[in-house]
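# Topology and contacts: notes
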Amino acid sequence: MNNKRRSVPGIRHYDGPAGGWGALKATAIAVRTQMDTLDAPATLLRTNQPDGFDCPGCAWPDKEHKSTFQFCENGAKAVTWEATSKRVTPTFFAENTVSSLLAKSDFELEGYGRLTHPLVYHPESDTFRPVEWEQAFARIGEILRSLPPDAVEFYTSGRASNEAAYLFQLFARELGTNNFPDCSNMCHEATSVGLPRSIGIGKGTVSLDDFDNTELVISIGHNPGTNHPRMMGTLHELARRNVPIIVLNPMRERALERFADPQSVVEMATYSSTDIASTYFQVKAGGDAAALKGIAKHLLEFENALDQAFIATHTQGFEEFAADIQATNWESIERESGLTRQDLHQVAEAYAKSNATIITYGMGITQHNKGTSNVRLIADLLLMRGNIGKPGAGICPLRGHSNVQGNRTVGISEKPTGAFLGKIEEVFGFTPPAAHGHDAVQATEAMINGSAKAMLCLGGNFAVAMPDHARAFPAMRSLDLSVHVGTKLNRTHLLTAKETYLFPCLGRTELDIQQTGRQSITVEDSMSMVHASSGKLKPASPALRSEPAIVAGLAKATLTHTKIDWENLVTDYDLIRDLIEKTIPGFEQYNQRIRVPGGFRMPLPPTERVWPTPTGKAMFSVFEGVDENRAGVGDNVLRLVTLRSHDQYNTTIYALDDRYRGVFGRRDILFMNEGDMAQLGLEHGDRVDISTALPDSVQHLEDITVVAYSIAAGTVGAYYPEANVLVPLDYLDKDSGTPSYKSVPVRVTLRSKEIRAI
């Protein structure tokens, strides 16, 4: 930090690498404050092991399921947060009204601990009170039967298992709706929509083995040290082997700069670290398409840079793509990307030299008004050099929650295929609805206009994760019924409907004992590996039920004429997996294969250069121009990127620190480029107000402290979910419905000279 800057409370320079002793200290603090110290070591050592449980954090795959420990700092936080010894009992709710709890921070709400009993909201006392499971199910069933099926929304969090998600979609479809707002709608929906158009499947094409064979990694729009931290081990190995890692990201992120592997005796003993990025380019928010087109433009000019044989044999649309790239001028590319022609030449040159390249990307690519087009441009770049379907190469979307991809695979989609619906009818004897249902934004809009009357949430913190809290929060309150399945209290639970139920469920770390004995659930990681997960801890309360059991209980109580034996399915989860096998391709011999350590990989035809597109070819795309969205362009308009802190996973906040960015004990921060600060007459530590710079939607976030940071000019950053208030509900990618959390036009104004400093 600049020594001339004034001191700002809670802001100080952090000079350590990502990982290292700082990570071990943070892990120790998480263990000490959350768990019984006798249980913690054994629990952490079972994380991501063949006979243990899948980490409830990120979706990065496990490396060969070896006996070495497979958890990281943020994974340890996720485990200890779930396996905490703190409890939220009926006595707690009797002593705390919903109104008083709403005054607490999100950090405080989840920090109270694990929910222990099923609860129903009593408006007369403004409290949650205990309710018997069967009584709750019966009342919920009664309400659901009284509503039109399309008035019910079924929300799924990415932490739900394949088994629970499959039963959930089956319940909804037998009820008669395809309303499946889910967490994918808010993160990688652009991948699910864009990649099928390009390569025929909405998943990445690489495996961990490909990282062992790659010659170059291009990392775009993600911060692995916080959001998928087990990836750091892989990047660390690549850097140690001198494999170039080129980063395009608006902010300087410590984990992409240097990392000390806590499992490296040498680095820990010598306090040393490994440089990760070989080159780091700070692209402007909303400038990804321009940067990608600039790289492609250079490639077209290089001699012998294209894989002409691959393009001719395996692709279609190259001529139109190339013509558009050639017609795009350098002035607009440089203006929108914030990078120079020479910067992009350097990337293209490294790419042209590599015989096997992986491009990794995260929500810095997808959460934009042109997120789907961004994804397709990455695919285009790979297709230009035949980097899909060969060892060491491919596209690698970095999924967030640990089973968000698995949920989609087993049917959580508002746009189901005819083939899948046909299998449902064949196996279960009812005709599922064919009309497309609601995604997350459409579900919120349906609540606002009154057509949605009930919402069932299988995990998650829906309203807080959504944009535009000024509209999303009242929308939840307008419902006739809300039902929440979760492990901990969060703000969405407190946005009570006319009738609200809160059901506590088992966590990943806990024993799940059903009639036939101990059960395993399954998950699919971001590289399409499906494997088993089985907890061993004593459940937080005898009153807890598993997610499959809760879903089955709700379905049985609602669907009075069902032909499905819901109760029996829960006695042995093998029975659920048998049904998945019968209705979804790729799950052949499901139960046998998950009993093999490491599980199995779902089919990925593009890895064999088979393209399940309508043409049977991989398809190039055309992104006209370079502008993501010209709305909001004007004097002093900046682009806001919403960010997670390092002590955070999705909407769950483990602590109020963001160690690597030098923020401690607070979250009311706006990261700014010093040049932008000077232009606006702002200083480090000033208190400002932020407002959207859109013609038809002006929203505000007040009293935020400016922090000078290494961030691309024209770009500012603020914490998610607090900054979600600045994202209008209809400011989204029209192709995928994904809200534009990563590029919101805003203006920043000084509150007043009298309160410049804190």
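Residues numbered from 1 in each chain as written. Predicted model: local features only at pLDDT ≥ 70, side-chain atom pairs only at ≥ 80, totals over all residues. Heavy atoms only, no water.

Turning our attention to the overall build of the protein chain. Along the backbone of the protein chain there are 32 helices and 31 strands. In terms of overall dimensions, the protein chain is globule-like: its C-alpha atoms have a radius of gyration of 25 Å, near the 27 Å expected for 758 residues. By its C-alpha atoms, the protein chain is 70 × 65 × 55 Å across when sized along the principal axes. When the 758 residues of the protein chain are sorted by exposure, 66% land in the buried category. For the protein chain, the proportion of contacts with a sequence separation of at least 24, taken over those separated by at least 6, is 79%. (Helix = DSSP H or I, 4+ residues; strand = E, 2+ residues; numbered from the N terminus. Rg over C-alpha atoms; globule rule 2.2 N^0.38 Å. Buried < 20%, exposed > 50% of the residue type's maximum accessible area, 1.4 Å probe, protein only. Contact = heavy atoms within 4.5 Å.)

Turning next to helix 9 (residues 189-199). Two residues of an α-helix separated by three or four positions point the same way, owing to the 3.6 residues in each turn. The element helix 9 is largely enclosed, with a buried count of nine among its 11 residues. Here helix 9 has its buried residues at Glu 189, Ala 190, Thr 191, Ser 192, Val 193, Gly 194, Leu 195, Ser 198 and Ile 199. The secondary structure elements touched by the buried residues of helix 9 are strand 13 (357-361), helix 20 (363-366), helix 21 (371-384), strand 14 (394-397), helix 22 (404-409) and strand 23 (618-619). At the C-terminal side of helix 9, Gly 200 shows a positive phi close to 95°.

This next bit is on the side chain of Thr 652. Summarising the element assignment, Thr 652 is placed in strand 26 (residues 652-653). Classification of Thr 652 as buried rests on a relative accessible area of 16%. Within the structure, the side chain of Thr 652 is placed 3.3 Å from the side chain of Glu 110, a separation counted as a polar contact. (Polar contact = N/O pair within 3.5 Å; in protein donor to acceptor, adjacent residues only side chain to side chain.)

In this section: the pairing of strand 21 (residues 529-533). Along a regular strand, successive side chains alternate from one face of the sheet to the other. Across the five residues of strand 21, four count as buried, placing the element largely inside the fold. Relative to strand 21, strand 20 (residues 521-524) runs antiparallel, the two sharing four bridges. Paired with Val 523 across the bridge in strand 21 is His 531. In sequence, strand 20 turns back onto strand 21 through a hairpin of four residues, with Ser 528 there showing a positive phi of about 70°. In this structure, strand 21 lies alongside strand 22 (residues 600-601), joined through two bridges in antiparallel fashion. Across the sheet, residue Val 530 finds its bridge partner in strand 22, namely Phe 600. (Pairing = 2+ DSSP bridges.)

Okay, the side chain of Asn 227 next. Locating Asn 227 in the fold gives a position in helix 11 (residues 224-227). At a separation of 3.0 Å, a polar atom in the side chain of Asn 227 contacts the side chain of Arg 644.

Moving on, we get to the packing of helix 23 (residues 418-428) against helix 30 (residues 573-583). Two numbers describe how helix 23 lies on helix 30: the axes approach to 9 Å, and their chain directions differ by 130°. One element, helix 23, and the other, helix 30, form an angle in the oblique class. Of the two possible hands of crossing, helix 23 and helix 30 adopt the one that is right-handed. On the side of helix 23, the interface is formed by Phe 420, Lys 423, Ile 424, Val 427 and Phe 428, while helix 30 contributes Leu 579, Lys 582 and Thr 583. Considering only residue class, the contact of helix 23 with helix 30 consists of five nonpolar, one polar and two charged. (Axes fitted to C-alpha atoms, helices over the stretch in contact; angles between N-to-C directions. Parallel < 35°, antiparallel > 145°, perpendicular 65-115°, else oblique. Left-handed = near helix turned anticlockwise from the far one by under 90°. Nonpolar A, V, L, I, M, F, W, Y, C, P; charged D, E, K, R; others polar.)

Let us now look at helix 15 (residues 288-301). Here helix 15 contains 14 residues, and its C-alpha end-to-end distance of 20 Å stays within 8% of the 20 Å for a straight helix at 1.5 Å per residue. Taken as a whole, helix 15 has its buried residues at Asp 288, Ala 289, Ala 290, Ala 291, Leu 292, Lys 293, Gly 294, Ile 295, Ala 296, Lys 297, His 298 and Leu 299. (Expected span 1.5 Å × (residues − 1).)

As enumerated under the stated definition, the model contains 24 aromatic pairs in all. Ring geometry for Trp 133 and Phe 137: centres 5.7 Å apart, planes at 50°, overall tilted. A residue pair is termed a helical-turn pair when its members lie 3 or 4 positions apart in one helix, as Trp 133 and Phe 137 do in helix 7 (residues 133-145) at four residues. Given the relative accessible area of 1%, Phe 137 is considered buried. When the ring of Tyr 590 is compared with that of Phe 600, the centres are 5.9 Å apart and the planes differ by 85°; the resulting orientation is edge-to-face. Highlighted residues: Tyr 590 in helix 31 (residues 590-594) and Phe 600 in strand 22, separated in sequence by 10 residues. Connected via pairs of aromatic rings, a cluster forms that spans Phe 92, Phe 93, Tyr 112, Tyr 121 and Phe 128. Sitting over the face of the ring of Tyr 351, Arg 385 holds its NZ or CZ atom 5.7 Å from the ring centroid. (Phe/Tyr/Trp six-rings, centres within 6.5 Å; stacked < 30°, edge-to-face > 60°. Lys NZ or Arg CZ within 6 Å of the ring centre and 35° of its normal.)

Turning our eyes to something else, we now look at the sheet that holds strand 11 (residues 279-281). The strand order 11-8-7-13-14 describes an open sheet built from five strands, whose pairing is parallel. Looking at strand neighbours, the two that pair on one side only are strand 11 and strand 14, the edges of this open sheet. Along the sheet, successive strands turn relative to each other by an average axial angle of 15°, direction set aside. The pairing of strand 8 (residues 245-248) with strand 11 spans three bridges and is parallel. Within strand 11, the position partnered with Val 247 by the bridge is Tyr 280. Helix 9 rests against strand 13 and strand 14 of the sheet, and its axis sits at about 170° to strand 14.

What you tend to see is this: most non-glycine residues have negative phi, and most peptide bonds are trans. Cis peptide bonds are those with omega within 30 degrees of zero, and the linkage from Tyr 720 to Pro 721 qualifies with 10°. Mapped onto the elements, Pro 721 comes out in the loop between strand 30 (715-719) and strand 31 (744-750). In the Ramachandran plot, Asn 304 falls in the positive-phi region, its phi being about 60° despite a non-glycine side chain. When you line up the elements, Asn 304 lands in the loop between helix 15 and helix 16 (308-314). Residue Asn 304 is classed as exposed on the basis of its relative accessible area of 69%. For Ser 528, which is not glycine, the phi dihedral falls at a positive 70°. Within the element layout of this structure, Ser 528 appears in the loop between strand 20 and strand 21. For Ser 528, a relative accessible area of 0% corresponds to the buried category.

Another point: the pattern of salt bridges. Evaluated as defined, the whole model comprises 34 salt bridges. A salt bridge links Glu 253 to Arg 661, with the nearest nitrogen and oxygen atoms 2.8 Å apart. Linking Glu 253 in the loop between strand 8 and helix 13 (254-257) with Arg 661 in the loop between strand 26 and strand 27 (669-672), this pair joins segments that are 408 residues apart in sequence. For the residue pair Glu 253 and Arg 661, the accessibility class agrees, reading buried in each case. When the shortest N-O distance is used, the salt bridge between Arg 335 and Glu 336 registers 3.1 Å. By relative accessible area, Glu 336 is classed as buried at 12%. (Salt bridge = Lys/Arg side-chain N within 4 Å of Asp/Glu carboxyl O.)

Confidence in the prediction for the protein chain averages 91 pLDDT; 91% of positions are at 70 or higher. For residues 65-69, every residue scores under 50 in pLDDT, and the model assigns this stretch 11 contacts once sequence neighbours within four places are set aside. (pLDDT = per-residue confidence, 0-100.)

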